[in-house]
Amino acid sequence: MRQAGRYLPEYRRVRERFSFLDLCRNSEAAAEVTVTSARRIGADAAIVFADILLPLVPMGVGLHFEAGEGPCIERPVRDTAAVAALQPVDVRDALAFVGESVRLCRAELGEALPVIGFAGAPFTVGSYAIEGGSSRTFVTTKTFMYAQPAAWDDLMTRIATVTIEYLRMQIDNGAAAVQLFDSWVGCLSPADYERYALPHVRRIVDAIRPSAPIIYFGTMTSGLLPQLRATGADVIGLDWRVDLKDAWDALGGDVAVQGNLDPVRLLGDAQGVRDAARDILTRVGARPGHIFNLGHGVLPSTPVDNVLALIEAVHEYRHD
Ligand code: CP3
(Lines give C-alpha, C1' and ligand atoms only; values in the text may rest on other atoms or scores of the structure.)
Protein backbone atom coordinates (compact mmCIF):
# COMPACT_ATOMS: atom_id res chain seq x y z
CA MET A 1 0.00 0.00 0.00
CA ARG A 2 1.48 3.26 -1.21
CA GLN A 3 4.06 1.07 -2.89
CA ALA A 4 4.89 4.05 -5.10
CA GLY A 5 4.91 6.95 -2.69
CA ARG A 6 6.83 9.74 -1.09
CA TYR A 7 9.10 7.39 0.91
CA LEU A 8 10.86 6.53 -2.38
CA PRO A 9 13.40 9.04 -3.77
CA GLU A 10 12.69 7.73 -7.29
CA TYR A 11 9.02 8.70 -6.85
CA ARG A 12 9.82 12.10 -5.37
CA ARG A 13 12.02 12.88 -8.36
CA VAL A 14 9.19 12.15 -10.82
CA ARG A 15 6.76 14.14 -8.62
CA GLU A 16 8.95 17.22 -9.04
CA ARG A 17 7.82 17.28 -12.67
CA PHE A 18 4.08 16.62 -12.14
CA SER A 19 1.35 17.49 -9.69
CA PHE A 20 -0.15 14.36 -8.10
CA LEU A 21 -3.24 14.39 -10.33
CA ASP A 22 -1.21 15.10 -13.48
CA LEU A 23 1.00 12.15 -12.63
CA CYS A 24 -2.09 9.93 -12.34
CA ARG A 25 -3.35 11.24 -15.71
CA ASN A 26 -0.05 10.72 -17.51
CA SER A 27 -0.17 6.96 -18.15
CA GLU A 28 3.49 6.66 -19.22
CA ALA A 29 4.74 8.39 -16.08
CA ALA A 30 2.21 6.57 -13.85
CA ALA A 31 3.30 3.22 -15.27
CA GLU A 32 6.93 4.17 -14.85
CA VAL A 33 6.55 4.94 -11.13
CA THR A 34 4.48 1.76 -10.65
CA VAL A 35 7.05 -0.50 -12.30
CA THR A 36 10.11 1.23 -10.84
CA SER A 37 8.71 1.09 -7.30
CA ALA A 38 7.64 -2.56 -7.45
CA ARG A 39 11.04 -3.59 -8.84
CA ARG A 40 12.98 -1.35 -6.47
CA ILE A 41 11.49 -2.98 -3.37
CA GLY A 42 11.22 -6.51 -4.80
CA ALA A 43 7.46 -6.85 -4.25
CA ASP A 44 5.52 -9.85 -5.58
CA ALA A 45 2.95 -7.66 -7.34
CA ALA A 46 2.73 -4.09 -8.61
CA ILE A 47 -0.25 -1.91 -7.67
CA VAL A 48 -1.03 0.58 -10.39
CA PHE A 49 -0.35 4.23 -9.60
CA ALA A 50 -3.73 6.00 -9.43
CA ASP A 51 -6.13 7.11 -6.69
CA ILE A 52 -9.49 6.09 -5.28
CA LEU A 53 -10.79 9.64 -5.74
CA LEU A 54 -10.21 9.85 -9.51
CA PRO A 55 -13.79 8.74 -10.42
CA LEU A 56 -15.14 11.73 -8.48
CA VAL A 57 -13.58 14.10 -11.04
CA PRO A 58 -15.85 13.21 -14.00
CA MET A 59 -18.78 12.98 -11.56
CA GLY A 60 -18.29 16.73 -11.31
CA VAL A 61 -17.43 17.53 -7.68
CA GLY A 62 -14.08 19.23 -8.36
CA LEU A 63 -10.94 17.70 -6.83
CA HIS A 64 -7.51 19.02 -6.07
CA PHE A 65 -4.74 17.98 -3.69
CA GLU A 66 -3.19 20.57 -1.41
CA ALA A 67 0.38 20.03 -0.30
CA GLY A 68 0.33 18.62 3.22
CA GLU A 69 -3.47 18.71 3.44
CA GLY A 70 -4.51 15.86 1.22
CA PRO A 71 -7.58 15.82 -1.02
CA CYS A 72 -9.97 18.77 -1.31
CA ILE A 73 -13.44 18.43 -2.88
CA GLU A 74 -14.52 21.79 -4.23
CA ARG A 75 -18.30 21.18 -4.24
CA PRO A 76 -19.12 18.74 -1.42
CA VAL A 77 -22.23 16.60 -1.92
CA ARG A 78 -24.58 17.19 1.00
CA ASP A 79 -28.18 17.00 -0.20
CA THR A 80 -30.54 15.33 -2.64
CA ALA A 81 -30.03 18.04 -5.27
CA ALA A 82 -26.25 17.67 -5.15
CA VAL A 83 -26.52 13.89 -5.58
CA ALA A 84 -28.96 14.33 -8.49
CA ALA A 85 -26.54 16.82 -10.12
CA LEU A 86 -23.69 14.26 -10.26
CA GLN A 87 -22.74 13.42 -13.82
CA PRO A 88 -23.04 9.90 -15.22
CA VAL A 89 -19.56 8.75 -16.18
CA ASP A 90 -18.37 7.06 -19.36
CA VAL A 91 -15.46 5.40 -17.54
CA ARG A 92 -13.68 4.16 -20.67
CA ASP A 93 -13.53 7.71 -21.91
CA ALA A 94 -13.13 9.89 -18.80
CA LEU A 95 -10.85 7.48 -16.94
CA ALA A 96 -9.21 5.80 -19.94
CA PHE A 97 -5.80 6.94 -18.67
CA VAL A 98 -6.01 4.49 -15.74
CA GLY A 99 -6.77 1.61 -18.10
CA GLU A 100 -3.82 2.71 -20.19
CA SER A 101 -1.55 2.84 -17.10
CA VAL A 102 -2.53 -0.76 -16.27
CA ARG A 103 -1.93 -1.83 -19.87
CA LEU A 104 1.54 -0.22 -19.94
CA CYS A 105 2.49 -1.82 -16.60
CA ARG A 106 1.35 -5.20 -17.85
CA ALA A 107 3.27 -4.76 -21.13
CA GLU A 108 6.44 -3.89 -19.22
CA LEU A 109 6.13 -6.53 -16.49
CA GLY A 110 4.78 -9.38 -18.61
CA GLU A 111 4.38 -12.57 -16.62
CA ALA A 112 7.08 -11.57 -14.12
CA LEU A 113 4.92 -9.52 -11.74
CA PRO A 114 1.12 -9.39 -11.66
CA VAL A 115 -0.51 -5.95 -11.76
CA ILE A 116 -3.17 -5.14 -9.17
CA GLY A 117 -5.89 -2.65 -10.05
CA PHE A 118 -7.97 -0.84 -7.44
CA ALA A 119 -10.83 1.47 -6.61
CA GLY A 120 -12.38 2.96 -3.51
CA ALA A 121 -15.54 1.44 -2.06
CA PRO A 122 -18.70 3.58 -2.05
CA PHE A 123 -18.66 4.42 1.68
CA THR A 124 -15.05 5.62 1.66
CA VAL A 125 -15.23 7.51 -1.65
CA GLY A 126 -18.61 8.94 -0.61
CA SER A 127 -17.14 10.13 2.68
CA TYR A 128 -14.65 12.32 0.78
CA ALA A 129 -17.41 13.64 -1.49
CA ILE A 130 -19.57 14.55 1.53
CA GLU A 131 -16.92 15.78 3.97
CA GLY A 132 -15.06 17.70 1.26
CA GLY A 133 -11.79 16.05 2.29
CA SER A 134 -10.32 13.83 4.97
CA SER A 135 -12.11 13.44 8.30
CA ARG A 136 -11.45 11.90 11.70
CA THR A 137 -15.03 11.44 12.89
CA PHE A 138 -17.14 11.26 9.70
CA VAL A 139 -19.84 13.28 11.45
CA THR A 140 -20.98 15.01 8.24
CA THR A 141 -21.02 11.71 6.32
CA LYS A 142 -22.99 9.83 8.96
CA THR A 143 -25.40 12.71 9.58
CA PHE A 144 -26.17 12.75 5.85
CA MET A 145 -26.58 8.97 5.89
CA TYR A 146 -29.04 8.95 8.82
CA ALA A 147 -30.98 12.08 7.85
CA GLN A 148 -31.26 11.50 4.09
CA PRO A 149 -31.23 7.74 3.54
CA ALA A 150 -32.74 7.90 0.05
CA ALA A 151 -30.14 10.43 -1.12
CA TRP A 152 -27.47 8.28 0.55
CA ASP A 153 -28.59 5.16 -1.32
CA ASP A 154 -28.65 7.15 -4.55
CA LEU A 155 -25.09 8.41 -3.95
CA MET A 156 -23.78 4.94 -3.03
CA THR A 157 -25.51 3.40 -6.06
CA ARG A 158 -23.97 5.97 -8.40
CA ILE A 159 -20.48 5.47 -6.97
CA ALA A 160 -20.87 1.68 -7.15
CA THR A 161 -21.98 1.86 -10.78
CA VAL A 162 -18.89 3.87 -11.75
CA THR A 163 -16.67 1.62 -9.61
CA ILE A 164 -17.83 -1.54 -11.35
CA GLU A 165 -17.00 -0.10 -14.78
CA TYR A 166 -13.73 1.34 -13.46
CA LEU A 167 -12.59 -2.05 -12.12
CA ARG A 168 -13.76 -3.88 -15.24
CA MET A 169 -11.72 -1.52 -17.38
CA GLN A 170 -8.62 -2.22 -15.29
CA ILE A 171 -9.19 -5.99 -15.53
CA ASP A 172 -9.71 -5.74 -19.30
CA ASN A 173 -6.37 -3.96 -19.52
CA GLY A 174 -4.49 -6.67 -17.65
CA ALA A 175 -5.07 -6.31 -13.90
CA ALA A 176 -4.72 -9.83 -12.44
CA ALA A 177 -6.66 -8.92 -9.29
CA VAL A 178 -8.33 -5.82 -7.90
CA GLN A 179 -8.45 -4.27 -4.46
CA LEU A 180 -11.43 -2.36 -3.14
CA PHE A 181 -10.34 0.18 -0.50
CA ASP A 182 -12.94 0.85 2.18
CA SER A 183 -10.42 2.51 4.46
CA TRP A 184 -12.87 4.35 6.74
CA VAL A 185 -15.81 1.95 6.94
CA GLY A 186 -14.69 0.89 10.43
CA CYS A 187 -16.49 3.99 11.77
CA LEU A 188 -19.85 2.23 11.25
CA SER A 189 -21.67 -0.04 13.67
CA PRO A 190 -22.32 -3.58 12.37
CA ALA A 191 -26.03 -2.82 11.85
CA ASP A 192 -25.26 0.42 10.01
CA TYR A 193 -22.64 -1.33 7.88
CA GLU A 194 -25.29 -3.87 6.86
CA ARG A 195 -27.85 -1.19 6.07
CA TYR A 196 -25.72 1.54 4.46
CA ALA A 197 -22.55 -0.02 3.04
CA LEU A 198 -22.82 -3.78 2.55
CA PRO A 199 -25.41 -3.88 -0.29
CA HIS A 200 -23.23 -1.60 -2.42
CA VAL A 201 -20.02 -3.53 -1.72
CA ARG A 202 -21.80 -6.78 -2.47
CA ARG A 203 -23.02 -5.42 -5.76
CA ILE A 204 -19.45 -4.56 -6.76
CA VAL A 205 -18.05 -7.90 -5.57
CA ASP A 206 -20.78 -9.85 -7.41
CA ALA A 207 -20.08 -7.92 -10.62
CA ILE A 208 -16.29 -8.31 -10.48
CA ARG A 209 -15.70 -11.79 -9.07
CA PRO A 210 -16.49 -13.65 -12.28
CA SER A 211 -13.56 -11.87 -13.98
CA ALA A 212 -10.90 -11.42 -11.28
CA PRO A 213 -10.21 -12.05 -7.59
CA ILE A 214 -11.18 -9.13 -5.38
CA ILE A 215 -9.48 -8.00 -2.17
CA TYR A 216 -11.63 -5.94 0.21
CA PHE A 217 -9.68 -3.77 2.64
CA GLY A 218 -10.75 -1.66 5.57
CA THR A 219 -9.28 -0.36 8.83
CA MET A 220 -10.72 -0.60 12.35
CA THR A 221 -12.94 -3.44 11.22
CA SER A 222 -12.56 -5.83 14.19
CA GLY A 223 -16.24 -5.30 15.06
CA LEU A 224 -17.32 -6.01 11.49
CA LEU A 225 -15.77 -9.38 10.68
CA PRO A 226 -19.03 -11.25 9.90
CA GLN A 227 -20.10 -8.32 7.74
CA LEU A 228 -16.78 -8.25 5.85
CA ARG A 229 -17.21 -11.91 5.14
CA ALA A 230 -20.74 -11.28 3.89
CA THR A 231 -19.31 -9.09 1.10
CA GLY A 232 -18.25 -12.29 -0.68
CA ALA A 233 -14.77 -10.88 -1.43
CA ASP A 234 -12.03 -13.46 -2.10
CA VAL A 235 -9.57 -11.79 0.26
CA ILE A 236 -10.17 -9.62 3.34
CA GLY A 237 -7.48 -7.00 4.03
CA LEU A 238 -6.93 -6.38 7.77
CA ASP A 239 -5.14 -3.63 9.67
CA TRP A 240 -2.78 -4.27 12.60
CA ARG A 241 -5.39 -3.63 15.30
CA VAL A 242 -6.51 -7.26 15.12
CA ASP A 243 -4.61 -10.46 15.76
CA LEU A 244 -4.35 -11.94 12.28
CA LYS A 245 -5.07 -15.49 13.38
CA ASP A 246 -8.04 -14.61 15.59
CA ALA A 247 -9.56 -12.46 12.85
CA TRP A 248 -9.01 -15.18 10.27
CA ASP A 249 -10.64 -17.78 12.53
CA ALA A 250 -13.60 -15.47 12.95
CA LEU A 251 -13.82 -14.89 9.18
CA GLY A 252 -13.84 -18.62 8.54
CA GLY A 253 -11.80 -21.05 6.51
CA ASP A 254 -12.77 -20.37 2.94
CA VAL A 255 -11.66 -16.75 2.71
CA ALA A 256 -8.09 -15.53 2.26
CA VAL A 257 -6.64 -12.69 4.32
CA GLN A 258 -4.15 -9.90 3.66
CA GLY A 259 -2.09 -7.97 6.19
CA ASN A 260 -1.32 -6.83 8.71
CA LEU A 261 1.93 -5.15 9.79
CA ASP A 262 1.64 -1.77 11.50
CA PRO A 263 3.35 0.67 9.07
CA VAL A 264 4.91 2.43 12.08
CA ARG A 265 7.01 -0.71 12.59
CA LEU A 266 8.92 0.33 9.48
CA LEU A 267 10.16 3.47 11.24
CA GLY A 268 12.19 1.46 13.78
CA ASP A 269 15.32 -0.60 13.29
CA ALA A 270 15.66 -3.33 10.67
CA GLN A 271 15.82 -6.17 13.23
CA GLY A 272 12.52 -5.00 14.73
CA VAL A 273 11.02 -5.08 11.23
CA ARG A 274 12.19 -8.66 10.69
CA ASP A 275 10.91 -9.74 14.12
CA ALA A 276 7.51 -8.19 13.47
CA ALA A 277 7.26 -9.91 10.07
CA ARG A 278 8.16 -13.24 11.62
CA ASP A 279 5.57 -12.75 14.32
CA ILE A 280 2.82 -12.34 11.74
CA LEU A 281 4.03 -15.28 9.67
CA THR A 282 4.14 -17.45 12.80
CA ARG A 283 0.50 -16.62 13.48
CA VAL A 284 -0.33 -17.65 9.90
CA GLY A 285 1.63 -20.90 10.21
CA ALA A 286 1.13 -23.32 7.34
CA ARG A 287 -2.39 -22.12 6.62
CA PRO A 288 -2.73 -21.33 2.90
CA GLY A 289 -4.36 -18.12 1.73
CA HIS A 290 -2.38 -15.33 3.39
CA ILE A 291 -1.03 -12.33 1.46
CA PHE A 292 1.60 -10.49 3.47
CA ASN A 293 1.03 -6.74 3.49
CA LEU A 294 1.05 -3.71 5.73
CA GLY A 295 -2.11 -2.96 7.67
CA HIS A 296 -2.29 0.46 5.94
CA GLY A 297 -0.14 2.65 3.68
CA VAL A 298 3.62 3.13 3.89
CA LEU A 299 4.34 6.37 5.76
CA PRO A 300 6.32 9.02 3.85
CA SER A 301 9.10 9.06 6.49
CA THR A 302 9.76 5.30 6.11
CA PRO A 303 13.42 4.40 5.39
CA VAL A 304 13.56 2.47 2.10
CA ASP A 305 16.06 0.05 3.66
CA ASN A 306 13.43 -1.07 6.14
CA VAL A 307 10.98 -1.83 3.33
CA LEU A 308 13.73 -3.89 1.67
CA ALA A 309 14.45 -5.67 4.97
CA LEU A 310 10.75 -6.46 5.37
CA ILE A 311 10.33 -7.94 1.92
CA GLU A 312 13.52 -9.92 2.23
CA ALA A 313 12.39 -11.29 5.61
CA VAL A 314 8.95 -12.29 4.29
CA HIS A 315 10.53 -14.06 1.32
CA GLU A 316 12.96 -15.86 3.60
CA TYR A 317 10.52 -16.90 6.35
CA ARG A 318 7.77 -18.11 4.09
CA HIS A 319 10.01 -21.00 3.02
CA ASP A 320 10.64 -22.07 6.64
O1 CP3 B 1 -0.04 1.85 -3.43
C2 CP3 B 1 0.19 2.46 -4.49
O3 CP3 B 1 1.35 2.76 -4.87
C4 CP3 B 1 -0.95 2.74 -5.41
C5 CP3 B 1 -1.38 4.07 -5.42
C6 CP3 B 1 -2.40 4.54 -4.41
C7 CP3 B 1 -2.48 5.91 -4.07
N8 CP3 B 1 -3.61 6.10 -3.35
C9 CP3 B 1 -1.53 6.93 -4.52
C10 CP3 B 1 -1.40 8.14 -3.70
C11 CP3 B 1 -3.45 3.90 -3.75
C12 CP3 B 1 -3.79 2.42 -3.70
C13 CP3 B 1 -4.22 4.91 -3.11
C14 CP3 B 1 -5.48 4.64 -2.41
C15 CP3 B 1 -6.10 5.72 -1.64
N16 CP3 B 1 -6.16 7.06 -1.94
C17 CP3 B 1 -6.83 5.50 -0.46
C18 CP3 B 1 -7.12 4.15 0.15
C19 CP3 B 1 -5.97 3.64 0.91
C20 CP3 B 1 -5.71 4.42 2.20
O21 CP3 B 1 -4.65 5.02 2.29
O22 CP3 B 1 -6.59 4.36 3.07
C23 CP3 B 1 -7.28 6.76 -0.01
C24 CP3 B 1 -8.09 7.02 1.24
C25 CP3 B 1 -6.87 7.72 -0.96
C26 CP3 B 1 -7.16 9.18 -0.97
C27 CP3 B 1 -5.91 9.96 -0.87
N28 CP3 B 1 -4.98 10.08 -1.87
C29 CP3 B 1 -5.45 10.69 0.26
C30 CP3 B 1 -6.17 10.79 1.60
C31 CP3 B 1 -4.23 11.26 -0.13
C32 CP3 B 1 -3.35 12.17 0.68
C33 CP3 B 1 -2.51 11.28 1.53
C34 CP3 B 1 -1.21 11.88 1.91
O35 CP3 B 1 -0.48 11.15 2.60
O36 CP3 B 1 -0.91 13.02 1.51
C37 CP3 B 1 -3.93 10.84 -1.43
C38 CP3 B 1 -2.72 11.19 -2.21
C39 CP3 B 1 -1.92 10.05 -2.68
N40 CP3 B 1 -2.43 8.96 -3.31
C41 CP3 B 1 -0.48 9.94 -2.64
C42 CP3 B 1 -0.16 8.76 -3.30
C43 CP3 B 1 1.20 8.23 -3.61
C44 CP3 B 1 0.48 10.99 -2.08
C45 CP3 B 1 0.59 11.98 -3.20
C46 CP3 B 1 1.83 12.82 -3.20
O47 CP3 B 1 1.85 13.83 -2.48
O48 CP3 B 1 2.77 12.51 -3.97
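Owing to the predicted nature of the structure, the values given are computational and were not obtained by experimental measurement.

Undergrad: So what exactly am I meant to see when it comes to the layout of surface pockets here?
TA: Considering only enclosed or pocket space, the second largest pocket measures out at about 1000 Å³ in volume. Around the second largest pocket, the lining is made up of 44 residues, and of these D44, I291, F292, N293 and V314 lie nearest the centre. Among the residues making up the lining of the second largest pocket, the classes are represented as 30 nonpolar, nine polar and five charged.

Undergrad: Explain unusual backbone geometry to me, please; I cannot follow it from the model alone.
TA: Trans peptide bonds make up the majority, and among non-glycine residues the majority have a negative phi. A cis amide bond links G259 to the next residue, N260, at an omega of -10°. Positionally, N260 belongs in strand β8 (residues 256–261). Despite not being glycine, R2 shows a phi value in the positive range, around 60°. Note that R2 resides in the segment before α1 (9–15).

Undergrad: What is the right way to read the packing of aromatic side chains from this model?
TA: Ring pairs (aromatic) are described by centroid distance and by the angle formed between their planes. Taken as a whole and judged by the stated rule, the model has 10 aromatic pairs. Plain terms: the ring middles of F20 and F49 are 5.6 Å apart, the flat faces sit at 75° to each other, and that makes the pair edge-to-face. Placement of F20 in helix α2 (residues 20–25) and of F49 in the loop between β1 (46–47) and α4 (56–59) is noted, with a sequence separation of 29 residues between them. Comparing F20 with F49 shows no difference in burial state: the two are buried. Ring centres of W152 and Y196 lie 6.5 Å apart, and the angle between their planes is 85°; on these two criteria the pair is classed as edge-to-face. In this pair, W152 sits in helix α10 (residues 149–172) while Y196 sits in helix α11 (residues 190–208), placing the two residues 44 residues apart along the sequence.

What counts as what
- Residues numbered from 1 in each chain as written.
- Predicted model: local features only at pLDDT ≥ 70, side-chain atom pairs only at ≥ 80, totals over all residues.
- Heavy atoms only, no water.
- 1 Å grid on protein atoms, 1.4 Å probe; cavity = no way out; pocket = protein on both sides within 12 Å on 5 of 7 lines; lining within 4 Å.
- Points joined across faces, edges and corners; volume = space filled by probe spheres on them.
- Nonpolar A, V, L, I, M, F, W, Y, C, P; charged D, E, K, R; others polar.
- Helix = DSSP H or I, 4+ residues; strand = E, 2+ residues; numbered from the N terminus.
- Phe/Tyr/Trp six-rings, centres within 6.5 Å; stacked < 30°, edge-to-face > 60°.
- Buried < 20%, exposed > 50% of the residue type's maximum accessible area, 1.4 Å probe, protein only.

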